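Chain by chain, the residues run as shown.
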Amino acid sequence: MAAMSVIGIDFGSESCYVAVARAGGIETIANDYSLRATPSCVAFSGKNRVIGVAAKNQLVSNMKNTIHGFKRLLGRKFKDPFVQQELKSLPFKVEETSNGNIGIVANYLDENHTFTPEQITAMLFTKLKEISEGALKTKVNDCVISVPSFFTNIERKALLDAAAIAGLNVLRLFNETTATALAYGIYKQDLPNPEEKPRNVVFVDCGYSSLQVSVAAFNKGKLKMLACASDPQLGGRDFDVILADHFAEEFKGKYKIDAKSNPRAYLRLLSEVEKLKKQMSANSTKLPINIECFMNDIDVHGDMKREDMEALSGHLFQRVEAVLKQCLSDCKLKLDDIYAVEIVGGSSRVPAIKQLIEQIFGKIPSTTLNQDEAVSRGCALQCAMLSPAVRVRDFSVTDIQNYPIKLIWDASKGDDGEMELFNQRDAVPFTKMLSFYRKEPFSMKAIYTGNIPYPDPFIARYVVQDVKPTPKGESQKVKVKVRVNLHGMFSVSGAQLTEKRDATEQEQAEAEQKEAEAKEAQAKDPNAQQEPMDTTESSENTSEINHKDEPMEDDGDKKDKKKTKQITKVVELPVESSMAGYTQQELNLHIEEECKMIANDRQEKERADARNALEEYVYELRGKLGAEEELGIYVTESDRTELCQKLDSMENWLYEEGEDCNRQVYVDQLTTLKKLGEPIKERRLEHELRPAAVEELRAALQLTRKALEQWRAGDEKYNHLSDEDMRKVEGSIDSAQRWLDSNSSALNPPNKTQDPAVKVSAIREQKHSFTSVVNPILSKPKPKVEPPAAAESKDAKENGSSAGTGDHSSEKNSQEEKMDVE
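Residues numbered from 1 in each chain as written. Predicted model: local features only at pLDDT ≥ 70, side-chain atom pairs only at ≥ 80, totals over all residues. Heavy atoms only, no water.

An unreviewed UniProt entry annotates the protein chain as Heat shock 70 kDa protein 4L originating from Frankliniella fusca. For the record of the protein chain, the UniProt heading Sequence similarities (unreviewed entry) holds the text "Belongs to the heat shock protein 70 family." (UniProt positions renumbered as here; feature names shortened; annotations may be inferred.)

Put into structure tokens, the structure is as follows:
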């Protein structure tokens, strides 16, 4: 059961995919519409939330309450220029909250509610979790979620917060580029050995809203990411906008209507040009676009060729080319060193992008991977590797740091110190130990350097508390552990104070005694391993950096201290951090709100199911009550008229005052109707099943009479049965026959509109009573007769014969009989 909960989620701007690791491999889970892709849409109504396919279906009709495109708002502030640009294309209301964050306004339960992008994302994750649990028939907790490689620390933290609100335990935020590489490499059987030159593969992922290009080096059992370049604001939707704007201008001149002035019409236009774009990827001829009742009841028509689309999108292809060249430059590989170029993502199907890839890398793009599902499959594989519940082939994954990280700290002499801790393309995860010499608490600040797709390079501020000087007023050594973890997030994971003091005579004697015992044990067993003094996480790379701001002691002190043993004590220090994202209190509040919404959705679903069941019963029963229908002949004309009137009245009630009632009201109404309708159905069932039941009883009587006659005639089959047994059989026959004769009229009622006096259950009970007496008697086995050979052997043994051929023959026959019995 635990193995079934190992899932990978590809969280996309337009749609999501969920894959699961099963014993036989990786399988993509279909949603409740039997589709593999679940749209990243959340819609609100006066009664409940609608998520996924159903939400996208009402995108045009419920435009202001259908939230989409929220992935790109995660972890950002309202005044972020990127956010302001995004809001121009979003039809729903977005406002600034008191702390400068983004608030998405929607009408839910007939009230205006403000949700954060993290809450909306959590709602989508809740739906994906529900889909997974329905398909796997078990609870889902652990998962790996894909994240764009260009996401910064703050955006990754927001994604983790959203998953926590949805009740998901994220084992790893997995870069989409690395997930694609893992899905490609783990099944390859012909990869070079570890000591051989690696196989370098380029992956181009052009999705709905971003372009990511990466290079991975593969050896047997491992992959290492070499480089990654991206354009976070270049994807399939940009081509859609260009086409939509072109046709909007064309329709403005041709039909005198402005699609941009009507958000609903513009959404329809975007949907149609997306279909046109996909058709142009497969056809170079002129293709039409037709939209009925587009605006003001006007039907519009247009057409376009692939060449025209490429001409309009020329500046976008230049940006694609720049990213491809940037990745090739960063990976420092020659074209001959590249084995293949794999393309994934829906927009990579555009022929012009394929031509650019071939021009730059000198390789025809390959489509070995499933372009839509590769990322989710890679995430499911990584989740299986991280989960102890599933056994997966060993495959090492080494990711890279996309942006350099600098640490700035308070120096002890007044001036701030700084150091670039993690360079671009450093291995991830990675841990470093920094040594400081301090007399008092100090602070550190982590920032990104270089060009990042986020307006603020700040990551977090950390304050190391409880640092005190030595009794002599000197600085003490403080070790600070910094790391970039599996999620690709930077953090200060701990700090230690190393206290040193002179040992007392007793402590010095004890230390010398322990040292002597250790040397003696080492002399006895030279192969014994000494216990390490310090341990680090074996799964990560580690390094130690000694940053000394001031001298600890002079040479004279060192000479004096060599004479005296010192005791070293390690004290864990508290580290306060100020990182963007939810506090634990805020997280708990949002988790509680999400649980309430889930309960409300479940309650509304049960209410709707009860209403639908009542409505279905009304239509079904009324359809079968016609004079020519299957139930019509089992009810009188007056009863049918009265019942049909009640059904009509119930239908009117359902669409008027009964439109929005509690679940129990519908259940009670259905129970009342069933008291009238079910007796008619049972009457029909009785009429149809009664002839067969009577025939079965008569057939049983006939067979038993035949057996009785055979016994009387001395048939060998029944000659072992006693007279008393056969008298019981005969009595049972007479009793059953009398019951049949006495109920002959009731078994064939002339009026089908009345309930039968004798029901099918009574007939079957009579047959059961009859056969329970007769069958055990007639099926009695004949008594066993001892074979002659065995009898002779027994007589021979009783007479004391123990020699001669006759004795051996008898013994042989006895053995053969014994073997037969076994």
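(A) The overall build of the protein chain, seen in detail. Helix and strand counts for the protein chain come out as 21 helices and 30 strands. Counting over 822 residues, the protein chain shows a buried share of 45%. Of all intrachain contacts in the protein chain linking residues separated by at least 6 positions in sequence, the fraction that spans at least 24 positions is 69%. As presented, the protein chain carries roughly 42900 Å² of accessible surface, and 47% of it is formed by carbon and sulfur atoms. (Helix = DSSP H or I, 4+ residues; strand = E, 2+ residues; numbered from the N terminus. Buried < 20%, exposed > 50% of the residue type's maximum accessible area, 1.4 Å probe, protein only. Contact = heavy atoms within 4.5 Å. Areas by Shrake-Rupley, 256 points an atom, 1.4 Å probe, with all protein chains shown as cover.)

(B) Here's a closer look at the sheet that holds strand E14 (residues 211-219). If you walk across this open sheet you meet the six strands as E18-E13-E14-E15-E19-E22, and the pairing is mixed. In this open sheet, the two strands that pair with only one neighbour each are strand E18 (338-344) and strand E22 (427-428). Bridge count for strand E13 (residues 199-206) against E14 is eight bridges, and the pairing is antiparallel. Residue Arg199 lies in a different strand from E14, and its bridge partner there is Phe218. (Pairing = 2+ DSSP bridges.)

(C) Quick peek at the pairing of E18. The buried fraction of E18 is high, at six of seven residues. As paired strands, E13 and E18 are joined by six bridges and run parallel to one another. Bridge pairing in E18 places Asn200 opposite Ile338.

(D) Representation of the packing of aromatic side chains within the structure. Enumeration according to the criterion identifies 19 aromatic pairs in this entry. Centre to centre, the rings of Phe422 and Phe430 are 6.2 Å apart; their planes meet at 80 degrees, and the pair counts as edge-to-face. For Phe430, a relative accessible area of 17% corresponds to the buried category. Here Tyr462 and Phe490 contribute two aromatic rings whose centre-to-centre distance is 6.2 Å and whose plane-to-plane angle is 65 degrees, an arrangement assigned as edge-to-face. Separated by 28 residues along the polypeptide, Tyr462 in strand E25 (residues 458-464) and Phe490 in strand E27 (residues 490-502) bring together distant segments of the chain. Residue Tyr462 is classed as buried on the basis of its relative accessible area, which comes to 2%. Under the relative-accessibility criterion, Phe490 is labelled buried at 1%. (Phe/Tyr/Trp six-rings, centres within 6.5 Å; stacked < 30°, edge-to-face > 60°.)

(E) The confidence of the model for the protein chain, seen in detail. Here the protein chain averages 86 in pLDDT, while 86% of its residues score no lower than 70. The low-confidence segment residues 527-540 (pLDDT under 50) makes 11 contacts with residues lying over four places distant or belonging to another chain. In the predicted structure, residues 800-822 sits below a pLDDT of 50 and forms 10 contacts with residues beyond four places in sequence or in another chain. (pLDDT = per-residue confidence, 0-100.)

(F) The packing of helix H3 (residues 117-136) against helix H14 (residues 584-624), seen in detail. One way to put it is that H3 packs onto H14 with a least axis distance of 11 Å and a crossing angle of 45 degrees. In terms of orientation, H3 lies oblique with respect to H14. The interaxial crossing formed by H3 with H14 has right-handed handedness. Residues Gln119, Ala122, Met123 and Thr126 of H3 lie in contact with H14, whose contacting residues are His590, Glu593, Glu594, Met597 and Ile598. Residues that form the contact of H3 with H14 fall into these classes: four nonpolar, three polar and two charged. (Axes fitted to C-alpha atoms, helices over the stretch in contact; angles between N-to-C directions. Parallel < 35°, antiparallel > 145°, perpendicular 65-115°, else oblique. Left-handed = near helix turned anticlockwise from the far one by under 90°. Nonpolar A, V, L, I, M, F, W, Y, C, P; charged D, E, K, R; others polar.)

(G) Inspection of the packing of helix H17 (residues 723-742) against helix H19 (residues 760-778) at higher detail. Remark: H17 packs on H19, axes separated minimally by 9 Å, with the N-to-C direction vectors making an angle of 165 degrees. Between H17 and H19, the angle is such that the two are roughly antiparallel. For the crossing formed where H17 meets H19, the hand is left-handed. Where H17 approaches H19, its residues Asp725, Met726, Lys728, Val729, Ser732, Ile733, Ala736 and Trp739 are matched on the opposing element by Ala762, Ile763, Gln766, Phe770, Val773, Val774, Ile777 and Leu778.

(H) Spotlight on the pairing of strand E20 (residues 405-409). Within E20, five of the five residues are buried, leaving the element largely enclosed by the surrounding structure. A two-sided burial pattern is seen for E20, the buried positions comprising Ile405, Leu407 and Trp409 on one face and Lys406 and Ile408 on the other. Note that E20 and strand E21 (residues 417-422) share five bridges and pair antiparallel. Paired with Ile408 across the bridge in E21 is Glu418. Bridge count for E20 against strand E24 (residues 442-448) is five bridges, and the pairing is antiparallel. Residue Ile405 lies in a different strand from E24, and its bridge partner there is Tyr448.

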